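Structural overview
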Amino acid sequence: MLKPDAIQRGIAFELLSRFEKRGLRFAALRLLKVDRAMAEKHYAVHKGKFFYDDLVKVITASPVVASVLEGPNAIAVVRSMVGSTRPHEATEGSIRGDYALVGLRNLVHASDAPETAASEIALWFPEGVVSYARDIDRWMSEDKAPS
Ligand code: CDP
Ligand code: MG
């Protein structure tokens, strides 16, 4: 998910483009203004933490772009491309390392495990995602040997 700061800064498609160039495939994409109820569901795991109220405030302040990316090792690849939570610790070359300075303006949310990905996809895309194959996928997946 591109958080509000990414859209406000006008770099939404620049950031999405990184994932697409890496080889991941969009299975869903949506721009929306997040209400408090959705924000609380999305950040339920962080309830009670010192940064929770600020997180909810930021994500409801302005639209986000939610997306689902598919591909081999998608979760690990996206997490590594996004970089460390605290941008001053993020490596250069990662999104946070290249574009962000502080934790509450770190531009991107990324699911951290198959279980959280499944529940987040259900939350943001209750109508489901779009399944399709691209011809190029067999050149980027070991499951689909070129023939
Ligand atoms: O986004 P990520 O999975 O890397 O971090 P998280 O631990 O799931 O925390 C969610 C969000 O809370 C982060 O992306 C930050 O925006 C914020 N946060 C923060 O501002 N300061 C912290 N020490 C931890 C999290
Ligand atoms: Mg997280």
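The coordinates are above.
Basis of the calculations
- Residues numbered from 1 in each chain as written.
- Chains lettered and ligands numbered in written order.
- Predicted model: local features only at pLDDT ≥ 70, side-chain atom pairs only at ≥ 80, totals over all residues.
- Heavy atoms only, no water.
- Helix = DSSP H or I, 4+ residues; strand = E, 2+ residues; numbered from the N terminus.
- Areas by Shrake-Rupley, 256 points an atom, 1.4 Å probe, with all protein chains shown as cover.
- Core = buried A, V, L, I, M, F, W, Y, C linked by side-chain atoms within 4.5 Å.
- Buried < 20%, exposed > 50% of the residue type's maximum accessible area, 1.4 Å probe, protein only.
- Contact = heavy atoms within 4.5 Å.
- Pairing = 2+ DSSP bridges.
- Near = heavy atom within 4 Å.
- Polar contact = N/O pair within 3.5 Å; in protein donor to acceptor, adjacent residues only side chain to side chain.
- Nonpolar A, V, L, I, M, F, W, Y, C, P; charged D, E, K, R; others polar.
- Axes fitted to C-alpha atoms, helices over the stretch in contact; angles between N-to-C directions.
- Parallel < 35°, antiparallel > 145°, perpendicular 65-115°, else oblique.
- Left-handed = near helix turned anticlockwise from the far one by under 90°.
- Salt bridge = Lys/Arg side-chain N within 4 Å of Asp/Glu carboxyl O.

**Quick look at the overall build of the protein chain**
Of the regular secondary structure elements, the protein chain holds seven helices and two strands. Mapped from its N terminus to its C terminus, the protein chain presents α and β elements in the order α-α-β-α-α-β-α-α-α. With respect to the three principal axes, the spread of C-alpha positions in the protein chain is 55 × 35 × 25 Å. Carbon and sulfur atoms form 55% of the exposed surface of the protein chain, whose accessible area is close to 8,700 Å².

**Some thoughts on the nonpolar core**
In this structure, Leu2, Leu15, Phe19 and Leu107 are the most contacted members of the largest nonpolar core, which totals 22 residues. Per-element accounting of this core gives the leading share, five residues, to helix H5 (residues 74-82). Filtering out sequence-adjacent residues up to four positions away, phenylalanine 19 remains in contact with Leu24, Leu69, Val78, Met81, Val82 and Ile95.

**Some thoughts on the pairing of strand E2 (residues 64-70)**
Among the seven residues in E2, five count as buried, and that is most of the element. Of the strand pairs in this sheet, strand E1 (residues 25-32) and E2 are connected by seven bridges, and their pairing is antiparallel. Residue pairing for E2: arginine 25 is matched across the bridge by glutamate 70.

**Some thoughts on the site of ligand 1**
Neighbouring ligand 1 are the residues Lys3, His46, Phe50, Phe51, Leu55, Arg79, Thr85, Arg96, Gly103, Leu104 and Asn106. Arginine 96 places a polar side-chain atom, nitrogen or oxygen, 3.0 Å from an oxygen atom of ligand 1. For ligand 1, an oxygen atom lies 2.6 Å from a polar atom in the backbone of glycine 103. Relative to its unbound accessible surface of 500 Å², ligand 1 loses 80% to contact with the protein. Looking at the shell around ligand 1 residue by residue, the classes come out as four nonpolar, four polar and three charged.

**Topic: the packing of helix H2 (residues 12-22) against H5**
Running from amino to carboxyl end, H2 crosses H5 at an angle of 135°, the nearest separation of the two axes being 11 Å. Here H2 is positioned oblique relative to H5, judged by the angle of their axes. In the crossing of H2 with H5, the sense of the turn from one axis to the other is right-handed. Residues Arg18, Phe19 and Arg22 of H2 touch H5, and the partners they reach there are Val77, Val78, Met81 and Val82.

**Details of the pattern of salt bridges**
By the definition in use, this model includes six salt bridges. Between aspartate 98 and arginine 18 there is a salt bridge, and its shortest N-O distance comes to 2.9 Å. Residue aspartate 98 is located in helix H6 (residues 95-99), and its partner arginine 18 is located in helix H2; the two are separated by 80 residues in the primary sequence. In this structure aspartate 98 comes out as partly exposed when scored by relative accessible area, which is 40%. Looking at arginine 18, the relative accessible area reads 23%, which means it is partly exposed. Note that arginine 25 and glutamate 70 form a salt bridge whose closest N and O atoms lie 2.7 Å from each other. Note that arginine 25 is positioned in strand E1 and glutamate 70 in strand E2, a separation of 45 residues in sequence. What emerges from the salt-bridge pattern is a single network uniting Arg25, Glu70, Arg134 and Asp137.

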